[in-house]
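Chain by chain, the residues run as shown.
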Amino acid sequence: MCYRNFLFDLYGTLADIHTNESKKALWASLAGWYRAHGAQYSPWRLRRRYLELAEQERKDAGQRHPAFSFPDIQIERVFQALYHEKGVPVSADAVAETALFFRTLSRSYIRLYPQIRPMLAELRRNGKRCILLSNAQAVFTIPELKLLGIDRLFDDIFISSMEECAKPDTHFYALACERCGLDAKDTLMVGNDLSTDIAGAKLFGIDSVYIHSNLSPRLTKTPDSTYAILNGDTARLKKLLLSF
């Protein structure tokens, strides 16, 4: 089989990451950030309102997009609302800075798996199209792609928050293929999650590679993917993709 287009998941497939949004120190620091900008919150109250506002955003996204089975939210709206409910006007840039501060506090580490950067670079040198299709928040992920040094190694980037639609919803796959002019029969999805990456690819009708990584949910069944790498070996993934 010869594939011309590769859709890549990010976290757990190309990059290893660890975050913890429940840390008390995170909410204490974030409350200090908001207070410094004129919005008075205690750490406990800030965390509670953040979760409440995020839940409301999920409900609103579902109402805006009744055709989507898996709608997503734009988390920056939550950070913005936390300012507004305290009567603090805030710019889009300030909201993005707040979100990035939050993400930096929550993140213990982020790093590429071995062979990822050369794999993407060589695929593109070979005339293949590499497209990111990630369930994530763009306000977090775009800076992290730059931090990892792979932001320019994709022909296009699709992040679920940008579209308010997430894998395994076939609408997410369809919009990427439509906007990039991809033929389904020439397109391969690469991901580490059976319930999102692989299930969505199968529903949409494209082939897939499942790679079981340290961030994959526990494997309880044989992967329903076209190809499978069960030991997280990204060197093997590189070899496989370059063989097409």
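Computed from a predicted model, the values in this text were never measured in an experiment.

*Asks:* Explanation requested: the overall build of the protein in the structure shown.
*Replies:* Of the regular secondary structure elements, the protein holds ten helices and eight strands. For the protein, whose C-alpha radius of gyration is 19 Å, the value lies close to the compact-globule estimate of 18 Å for 244 residues. Seen through its principal axes, the protein has C-alpha atoms that stretch 60 × 35 × 35 Å. A burial count over the protein gives 50% of its 244 residues as buried. Residue pairs in contact within the protein that sit at least 24 positions apart in sequence constitute 69% of those at least 6 positions apart. When the accessible surface of the protein is totalled, it reaches about 11500 Å², and 51% of it is carbon and sulfur. Positive and negative side-chain charges of the protein, numbering 32 and 28 respectively, have mean locations separated by a distance of 5 Å.

*Asks:* Would you explain helix α2 (residues 43-64) in this entry?
*Replies:* For an α-helix, 3.6 residues make a turn, and residues three or four places apart therefore share a direction. Here α2 is 22 residues long and its end C-alpha atoms lie 31 Å apart, about the 32 Å a rise of 1.5 Å per residue gives. Of the positions making up α2, those classed as buried are Leu46, Arg49, Tyr50, Leu53, Ala54, Glu57 and Ala61. One side of α2 holds all its buried residues, which, seen down the axis, span an arc of 140°. The outward face of α2, more than 90 degrees from its buried face, is lined by the exposed residues Trp44 and Gln63. On the buried face of α2, the contacting elements are α1 (24-36), α3 (76-84) and α4 (92-106).

*Asks:* Even after reading the chapter, I still don't get the packing of aromatic side chains, so can you show me in this structure?
*Replies:* Aromatic ring pairs: the centre-centre distance and the angle between the two ring planes describe each pair. The tally for this structure, following the rule as stated, stands at 14 aromatic pairs. Three or more aromatic residues joined by ring pairs form one cluster here, namely Trp27, Tyr50, Phe79, Phe102 and Phe140. In this arrangement the basic side chain of Lys86 is found over the ring face of Tyr41, its NZ or CZ atom lying 4.7 Å from the centre.

*Asks:* Teacher, can you tell me more about the nonpolar core here?
*Replies:* Considering soluble globular proteins, one finds that nonpolar side chains tend to be buried as a cluster. In terms of nonpolar packing, the biggest core is built from 35 residues, with Phe8, Met119, Leu120, Ile150, Phe154 and Leu241 touching the most fellow members. The element that contributes the greatest number of residues to this core is helix α5 (residues 116-125), accounting for five residues. Here Ile150 is in contact with Leu10, Leu112, Arg117, Leu120 and Leu145, once residues within four sequence places are set aside.

*Asks:* Please clarify how the pairing of strand β4 (residues 129-134) should be interpreted in this entry.
*Replies:* On a regular strand, one side chain projects to one face of the sheet and the next to the other, so that they alternate. Extensive coverage of β4 is indicated by the burial of five of its six residues. Inspection of the sheet shows β4 paired to strand β5 (residues 156-159) by four bridges, in the parallel sense. The residue of β5 that forms the bridge with Ser134 is Ile159.

*Asks:* Help me understand the pattern of salt bridges, please; the structure alone is not making it clear to me.
*Replies:* Note on pairing: side chains with opposite charge can pair once their charged atoms come close. Throughout the structure, instances matching the rule amount to 16 salt bridges. With a shortest N-O distance of 3.8 Å, Glu57 and Arg77 are connected by a salt bridge. In this pair, Glu57 sits in helix α2 while Arg77 sits in helix α3, placing the two residues 20 residues apart along the sequence. Taking the shortest distance from any N to any O, the salt bridge between Lys202 and Asp224 comes out at 3.7 Å. Here Lys202 is found in helix α9 (residues 194-204), whereas its partner Asp224 is found in the loop between β7 (207-211) and β8 (227-229), with 22 residues between them in sequence.

*Asks:* Help me understand the layout of surface pockets in this model?
*Replies:* By volume, the largest pocket is sized at about 460 Å³. As for the largest pocket, its lining consists of 20 residues, and the residues nearest its centre are Glu21, Arg103, Asn135, Ala136 and Phe140. Mapped by element, the contributors of at least two residues to the lining of the largest pocket are β2 (15-19), α2 and α6 (138-148). For the lining of the largest pocket, the residue count by class is ten nonpolar, six polar and four charged. The computed volume of the second largest pocket comes to approximately 170 Å³. Here the residues of the lining of the second largest pocket are counted per class, giving three nonpolar, five polar and four charged.

*Asks:* So what exactly am I meant to see when it comes to helix α8 (residues 170-180) here?
*Replies:* Every buried residue belonging to α8 is among Phe172, Tyr173, Ala174, Leu175, Ala176, Cys177 and Cys180, and all of these are buried. Where α8 is buried, its residues contact β1 (5-8), β4, β5, α7 (160-163), β6 (187-191) and α9. Trailing α8 by a residue or two, Gly181 shows a phi angle of about 65°, which is positive.

Thresholds applied
- Residues numbered from 1 in each chain as written.
- Predicted model: local features only at pLDDT ≥ 70, side-chain atom pairs only at ≥ 80, totals over all residues.
- Heavy atoms only, no water.
- Helix = DSSP H or I, 4+ residues; strand = E, 2+ residues; numbered from the N terminus.
- Rg over C-alpha atoms; globule rule 2.2 N^0.38 Å.
- Buried < 20%, exposed > 50% of the residue type's maximum accessible area, 1.4 Å probe, protein only.
- Contact = heavy atoms within 4.5 Å.
- Areas by Shrake-Rupley, 256 points an atom, 1.4 Å probe, with all protein chains shown as cover.
- Lys, Arg positive; Asp, Glu negative; His and termini not counted.
- Charge placed at Lys NZ, Arg CZ, Asp CG, Glu CD.
- Expected span 1.5 Å × (residues − 1).
- Arc of directions from axis to C-beta.
- Phe/Tyr/Trp six-rings, centres within 6.5 Å; stacked < 30°, edge-to-face > 60°.
- Lys NZ or Arg CZ within 6 Å of the ring centre and 35° of its normal.
- Core = buried A, V, L, I, M, F, W, Y, C linked by side-chain atoms within 4.5 Å.
- Pairing = 2+ DSSP bridges.
- Salt bridge = Lys/Arg side-chain N within 4 Å of Asp/Glu carboxyl O.
- 1 Å grid on protein atoms, 1.4 Å probe; cavity = no way out; pocket = protein on both sides within 12 Å on 5 of 7 lines; lining within 4 Å.
- Points joined across faces, edges and corners; volume = space filled by probe spheres on them.
- Nonpolar A, V, L, I, M, F, W, Y, C, P; charged D, E, K, R; others polar.

That is the geometry; function is a separate question.
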